[in-house]
Amino acid sequence: SLSGRPSTVAEAGRRIAAETIDLDLAAGRPSAARAQGSVRLDAPPNRSESDKASVAYGPDGAVSSLELSGNVRMWGDGKSGTAETAIQLPARSVWLLTGNAATSATVVSGASRVSAPRIEIGEKRRDVTAEGGARAVFAPEKDRRDVVPSERKPSTARITALADEVKQTLADGPTAGV
């Protein structure tokens, strides 16, 4: 086990800094890591900040799960999110964001916003599923500069309400990378 105060750990395409980082090693490879206090994770183009973070590594040394907790803030590729807890499941290409008793998790893309106690972001599917009293505001994207006007496709949104669940799929993928 390695420990540092303050600490920075850099690995392939990812850097984490915190007041304290504890790293568990097995057979010379990281097996788990815990960070506390002003945690900042940079994995360009994405960035996040939280009070705590924990990482589990698979036998191959790849991240098998990442959990951010306490005042989580995330940014990347024109999108942002806030939550009490955010869990990345790389094998499923999914982020799970949850709020707490006082505040819902929120995902913002441009002028569109989704808030709910639980939000699932499908990175590969490029969709958002919000559950439990979900609230959403969808606004068209103005001034998209990534395509010329003649190539612009209108954003399409499909909203299905099932009890307390709202599922949104945006063809342009405004939630990817959050």
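Throughout this document, residue positions are counted from 1 along each chain, in the order its sequence is written. Owing to the predicted nature of the model, reporting of local features is limited to residues with pLDDT of at least 70; listing and counting of side-chain atom pairs is limited to 80 or more, with chain, interface and lining totals taken over all residues. Excluding hydrogens and water, the side-chain figures rest on all heavy atoms present in the structure.

Looking at the overall build of the protein chain
Working step 1: Working definition: helices are DSSP H or I runs of at least four residues, strands are E runs of at least two. Numbering for both runs from the N terminus. Counting its secondary structure elements, the protein chain contains zero helices and 16 strands.
Working step 2: Think of it in three bands: residues with accessible area under 20% of the maximum for their type are buried, residues over 50% are exposed, and the middle band is partly exposed, with areas taken using a 1.4 Å probe on protein chains only. Looking at the protein chain as a whole, 38% of its 178 residues are labelled buried.
Working step 3: A contact between two residues is defined here by any heavy atoms of the two lying within 4.5 Å. Partitioning the contacts of the protein chain with sequence separation of at least 6, the portion at a separation of at least 24 is 36%.
Working step 4: Residue burial considers only the protein chains on display, and all accessible areas are found by Shrake-Rupley using a 1.4 Å probe. Accessible surface, the protein chain: about 9,900 Å² in total, of which carbon and sulfur atoms supply 52%.

Some thoughts on the packing of aromatic side chains
Working step 1: Aromatic pairing here means that ring centres of Phe, Tyr or Trp (its six-membered ring) are within 6.5 Å. Orientation follows from the plane angle: under 30 degrees is stacked, over 60 is edge-to-face, and everything else is tilted. This structure, assessed with the given rule, holds zero aromatic pairs.
Working step 2: Put simply, a charge is over a ring when the Lys NZ or the Arg CZ is close to the ring centre, within 6 Å, and near the line of the ring normal, within 35 degrees. Lying over the aromatic face of W75, R47 brings its terminal NZ or CZ to 4.2 Å of the ring centre.

Looking at the pairing of strand β11 (residues 112-116)
Working step 1: For β11, the buried fraction is high: four of the five residues fall into the buried class.
Working step 2: Count of turn residues in the strand β10 (residues 105-109)/β11 antiparallel hairpin: two residues, of which G110 carries a positive phi of about 60°.
Working step 3: The criterion for strand pairing is that DSSP finds at least two bridges linking the strands in question. Two strands pair when backbone bridges link them, and β11 and strand β14 (residues 135-137) are joined in this way by three bridges, in the antiparallel orientation. Looking at β14, one finds that S115 is bridged to R135.

Some points on the confidence of the model for the protein chain
Working step 1: Confidence scores here are pLDDT values: one per residue, from the predictor, ranging 0 to 100. Averaged over all residues, the pLDDT of the protein chain is 78; the fraction at 70 or higher stands at 76%.
Working step 2: Taken element by element, the predicted model of the protein chain shows its lowest mean pLDDT in strand β15 (residues 157-162) (33) and its highest in strand β9 (residues 94-98) (94).
Working step 3: Contacts of residues 146-178 to residues separated by more than four positions or lying in other chains number 66 contacts, the stretch itself having pLDDT below 50.

Let's talk about empty space enclosed by the protein
Working step 1: Only protein atoms enter the 1 Å grid used here. Points where a 1.4 Å probe fits but cannot escape make up a cavity, open sets with protein on both sides within 12 Å along at least five of seven lines make up a pocket, and a residue lines them when an atom lies within 4 Å of a point. Grid points are joined across faces, edges and corners, and a volume is the space filled by probe spheres set on the points. Counted under the stated rule, the structure contains two cavities of 30 Å³ or more.
Working step 2: Taken as a whole, the largest cavity encloses approximately 140 Å³ of empty space.
Working step 3: Taken together, 17 residues form the lining of the largest cavity, with E11, I16, A33, V55 and Y57 sitting closest to its centre.
Working step 4: Taken together, the elements giving at least two residues each to the lining of the largest cavity come down to β2 (7-11), β3 (14-18), β4 (20-26), β5 (29-43), β6 (46-57) and β7 (63-76).
Working step 5: Considered class by class, the residues forming the lining of the largest cavity number 12 nonpolar, one polar and four charged. Each residue receives one of three labels: charged for Asp, Glu, Lys and Arg, nonpolar for Ala, Val, Leu, Ile, Met, Phe, Trp, Tyr, Cys and Pro, and polar for the others, Gly being one of them.

Digging into the pairing of β4
Working step 1: Both β4 and β5 contribute to a ladder of seven bridges, which runs antiparallel. Within the sheet, the bridge partner assigned to T20 lies in β5 and is Q36.
Working step 2: Following β4, the chain reverses through two residues before pairing antiparallel with β5; A27 in that reversal takes a positive phi of roughly 55°.

A closer look at the nonpolar core
Working step 1: Put simply, a nonpolar core is a bunch of buried Ala, Val, Leu, Ile, Met, Phe, Trp, Tyr and Cys residues held in one set by side-chain atoms that sit within 4.5 Å of each other. One finds W95, L97 and I119 to be the most contacted residues of the largest nonpolar core, which totals 28 residues.
Working step 2: Top element by residues in this core is β7. It accounts for five residues.
Working step 3: In this view, L97 contacts M74, T82, A83, T85, A86, A105, T106, V107, P117, R118, I119 and I121; residues no more than four positions away in its chain are not counted.

Points about the side chain of K79
Working step 1: When you line up the elements, K79 lands in strand β8 (residues 79-89).
Working step 2: The exposure class assigned to K79 is buried, which follows from its relative accessible area of 12%.
Working step 3: Pairs of N or O atoms within 3.5 Å make up the polar contacts considered here, provided that, within protein, one atom can donate a hydrogen while the other can accept it, and that residues adjacent in sequence are counted only when both atoms are side-chain atoms. From its side chain, K79 meets the backbone oxygen of D77 in a polar contact 2.5 Å long.

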